[in-house]
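Below, each chain spelled out in residue letters.
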Amino acid sequence: MADREEDEELQMALRMSLQGSPPAQPEPKRSKPPQSPAAESPEAEARRKQRELMAAAAEKRLRAAASPGPFSVAPSSPPPPQPEPAPVEPAPAPEAAREETAEPELEPTGVHMEEAKEPEVEEEVEEEEEGEELPPDVAEKLWAMVFGGGVSKAILAQWSNQGIRFSSDPETTMGLVQHEGGPCGVLATVQAYVLKYLLFFSDDLSNPEVSNPLYTLGQRRFSQSSFVAGDDFSSLTDDRKTRALVHAMVEILFLCGTGRRAVVASMARVNHGKNDAVLEGLSVESAMDLHKVLRISTFTSRKDAFDILLANIPLFESRLGAMLFLISALLSRGLEYIQADRDDPSQPLVTAPFGHASQEIVNLLLCGEAVPNVFDGKMDLGGGMSLKGIPNNVEVGFLTLLESLNLCKVGQYLKCPKWPIWVVGSESHYTVLFALNPNVQEENELEERESRIRRAFDAQDQSGGGGFISVEGFRQVLRDTDINFPSDKLEDLCNAGIIVWSEFWQALLQLDKRAGGMKDPTGLMGKKQFTIFHFNGIAKSVLNGNASVGGSVPIQRPRLCKLDVTVPPRWNQDEYLADVVSSSTSGSKDDSILSLAPPVQTSQHAPLVDCIRTRWPRAVCSWAGDMPSIV
């Protein structure tokens, strides 16, 4: 009976302590008159202090249980607000809890008062590391912006089960593995930046400032051809890959924050590698869930952002990693700026019905603005209306199959990035294309000459971009570019009183390069040959799906494909081949000219080739093994 009575009194004391500070003159119900402090025996005092310690510990556990858990789903009605815990000392137990009652002997705990406070100090440190809580109204705006109002559970499952982690396969160890269909736009873009650091800044990964554009600018004072990477990806260490990933994340977030800030989203009370246990069973299905679990930290120092991201890599590797990084990028940009970037802010960024990352998400991570289009700059539609494209040069670029289908036009900013790395878009998936040598971006002699002639022509174009110039302007172009047409050809071009670019260009293709034209009978100046790699992070069956484990289950892993690319000269390929045949049938004994013809007989085609040709027209590609897949 005495035990039950004491338990009831302890529970009553805990309930009162949770309701706030006790009144100035508490009048608890007493089972018997209290003893005066002077009459309290040393044994009773020791037992009382022990109960106070136990009550304080129990109070802290009850308070933690009563407050919303870091990963709990929103209840039907929100719980009442709980009082803030005292910073150091627990609230004193009411007098009723101090009553002397008959009680069983307790085993000594051996814990002093100072030792009992240590877990509380640790808890405070953890809470400081968690960052700030996302306000409910901001969580609502963020959720509506990303998923809209009627998102399906299938789409939420895709975005709630995709971490940012590297492949365990030795051949594709430099690549991020994709398990779900929706977040590929985030993964592929992060992958592109990761490759930038792994391929071209591998020796500088210990420097937290390597992602600073000023540092990169200093490195680029040297010829980019000095940045030639190797293809032995199996030798990459985990530490090097992790640091490349953190550098990529820092660069993207500061890019979204216009170079001034980076916002890092994390989860409440998730750290020190305990993510799997804490995240098990977590369901994020509403803005309220997001509000409860999300914590945000803002950094203006790249080093500080690097350190916190490096410490939280296990969290980004967890199943919520892709969603957390997308939220970090959106908050780094600012939700108001995100909406202003878009042409139609009423649509969610995650597209229905399949939950793919929109072009706005990909563009945000590529250029720092959530613009919906891939052309350069803005397109003026008149009447004060315009469409927004890519505002400036980018570090890594973008190519898309949709351009080969004439559904869009990718501008030069995305086609010619600072580094030879491109996110590749298809109708439903994003992958990555990259080269080990930046000189694949460099123009050869004929390409440089074409660019020079085009600039001179455009300088004389007074039609507002109509593509034609006057005879007087045409003669100035010829002088500026050292072009010498035969008199009869020059007269033909000038007969109409205006010169159209397309006619001028066709005439240049017929004019020998020694006279300032573009025709090179040897094919040496215009031809390009290089190697390029394609990475698809989503798990695919290998070896045409015939490989299996135990003879029954196909091996699933990301795909890395090496392609040999040949780009013939700029002029018409049929005309070039006709010149070769003409030379060979005229009795020429020099077979070297014939060998310069593009290897049509050995070429292979795939949708990826169509994407490559939007960057290098008439490119011919070949590879060994399975066809590279962009879906």
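Residues numbered from 1 in each chain as written. Predicted model: local features only at pLDDT ≥ 70, side-chain atom pairs only at ≥ 80, totals over all residues. Heavy atoms only, no water.

An unreviewed UniProt entry lists the protein chain under the name ubiquitinyl hydrolase 1, with Urochloa decumbens given as the organism. Of the protein chain, the UniProt comment under Sequence similarities (unreviewed entry) reads exactly: "Belongs to the MINDY deubiquitinase family. FAM188 subfamily." In the Catalytic activity (unreviewed entry) part of its UniProt record, the protein chain is described as follows: "Thiol-dependent hydrolysis of ester, thioester, amide, peptide and isopeptide bonds formed by the C-terminal Gly of ubiquitin (a 76-residue protein attached to proteins as an intracellular targeting signal)." (UniProt positions renumbered as here; feature names shortened; annotations may be inferred.)

Oppositely charged side chains are able to pair whenever their charged atoms sit close together. Overall, the coordinates contain 18 salt bridges when judged by the stated rule. Where E360 meets R342, a salt bridge forms, and the shortest distance between an N and an O atom there is 3.0 Å. Of this pair, E360 sits in helix α15 (residues 359-367) while R342 sits in the loop between α14 (335-341) and β4 (350-351), and the two are 18 residues apart along the sequence. Classification of E360 by relative accessible area gives buried; the value is 10%. Of the residues examined, R342 reaches a relative accessible area of 3% and is grouped as buried. (Salt bridge = Lys/Arg side-chain N within 4 Å of Asp/Glu carboxyl O. Helix = DSSP H or I, 4+ residues; strand = E, 2+ residues; numbered from the N terminus. Buried < 20%, exposed > 50% of the residue type's maximum accessible area, 1.4 Å probe, protein only.)

When the terminal C-alpha atoms of helix α18 (residues 445-459) are compared, their 21 Å separation across 15 residues agrees well with the 21 Å that a helix rising 1.5 Å per residue should span. Restricting attention to buried positions, one finds in α18 the residues L446, E447, R449, E450, I453, A456 and F457. (Expected span 1.5 Å × (residues − 1).)

Here the focus is a nonpolar patch on the surface. Judged by side-chain polarity, M379, L381 and M385 come together as a nonpolar surface patch covering roughly 310 Å² of accessible area. Examined against the element boundaries, L381 turns out to sit in strand β6 (residues 378-382). Relative accessible area serves as the criterion here: at 48%, L381 is assigned to the partly exposed category. (Patch = residues over 30% accessible without salt bridge, like charges linked within 9 Å, V, L, I, M, F, W, Y side chains within 5 Å. Areas by Shrake-Rupley, 256 points an atom, 1.4 Å probe, with all protein chains shown as cover.)

Moving on, we get to the packing of helix α8 (residues 238-256) against helix α13 (residues 321-333). At their nearest, the axes of α8 and α13 sit 7 Å apart, and the two run at 35 degrees to each other. Contact residues: α8 offers M249, I252, L253 and C256, while α13 offers F325, S328, A329, S332 and R333. Along the lines of polarity and charge, the residues of the contact of α8 with α13 split into six nonpolar, two polar and one charged. (Axes fitted to C-alpha atoms, helices over the stretch in contact; angles between N-to-C directions. Contact = heavy atoms within 4.5 Å. Nonpolar A, V, L, I, M, F, W, Y, C, P; charged D, E, K, R; others polar.)

So, on to unusual backbone geometry. The bulk of non-glycine residues show a negative phi, and the bulk of peptide bonds are trans. Cis geometry is adopted by the peptide bond preceding P353, which originates at A352 and carries an omega value of 5 degrees. One non-glycine residue, N406, lies in positive phi territory at about 60 degrees. As for its placement among the helices and strands, N406 is situated in the loop between α16 (401-404) and α17 (412-415).

This next bit is on the nonpolar core. If you look at the biggest cluster of nonpolar residues, it comprises 100 residues, and the most contacted ones within it are L294, F325 and F434. Sort the elements by how many residues they give to this core and helix α6 (residues 184-200) lands first, with 13 residues. Apart from the residues within four sequence positions on either side, F434 is in contact with M174, L195, L199, F233, P420, I421, I532, F533, F535 and L560. (Core = buried A, V, L, I, M, F, W, Y, C linked by side-chain atoms within 4.5 Å.)

Under the counting rule described, the total for this entry stands at 16 aromatic pairs. With a centroid separation of 5.0 Å and 20 degrees between ring planes, the pair formed by F200 and W419 is classed as stacked. Taken together, the residues F200 in helix α6 and W419 in the loop between α17 and β9 (421-425) connect sequence positions 219 residues apart. Plain terms: the ring middles of F457 and F504 are 5.9 Å apart, the flat faces sit at 20 degrees to each other, and that makes the pair stacked. In this pair, F457 sits in helix α18 while F504 sits in helix α21 (residues 501-510), placing the two residues 47 residues apart along the sequence. F457 sits in the buried class, given a relative accessible area of 0%. (Phe/Tyr/Trp six-rings, centres within 6.5 Å; stacked < 30°, edge-to-face > 60°.)

Within the fold, A435 resides in the loop between β10 (430-434) and α18. It is 6.0 Å that separates the C-alpha atoms of A435 and F533, two residues lying 98 residues apart in sequence. Other than its neighbours up to four places away in sequence, A435 contacts L199, F200, P420, V440, T531 and I532.

Our next topic: helix α4 (residues 136-147). Its 12 residues give α4 an end-to-end C-alpha distance of 16 Å, which sits within 8% of 16 Å, the value for a rise of 1.5 Å per residue. Of all the positions in α4, only A139, L142, W143, M145, V146 and F147 are classed as buried. Taken end-on, α4 shows its buried residues confined to a sector of 165 degrees, consistent with a single buried face. Check the buried side of α4 and you find it contacts α5 (153-159), α10 (287-293), β3 (294-299), α13, α14 and β4. (Arc of directions from axis to C-beta.)

Taken as a whole, the protein chain shows an average pLDDT of 76; of its residues, 66% reach a score of 70 or greater. Predicted confidence for residues 17-38 stays below pLDDT 50, and this span has 14 contacts to residues more than four positions away or in other chains. Note that pLDDT drops below 50 for residues 544-550; the model gives that stretch 10 contacts with residues more than four away or on any other chain. (pLDDT = per-residue confidence, 0-100.)

Contact geometry for α4 and α13: axes closest at 12 Å, N-to-C directions at 110 degrees. Viewed along their axes, α4 and α13 adopt a mutual orientation that is roughly perpendicular. The interaxial crossing formed by α4 with α13 has right-handed handedness. Along the contact surface, α4 presents L142, V146 and F147, while α13 presents M323, L326, I327 and L330. Partitioned by chemical class, the residues of the contact of α4 with α13 number seven nonpolar, no polar and no charged. (Parallel < 35°, antiparallel > 145°, perpendicular 65-115°, else oblique. Left-handed = near helix turned anticlockwise from the far one by under 90°.)

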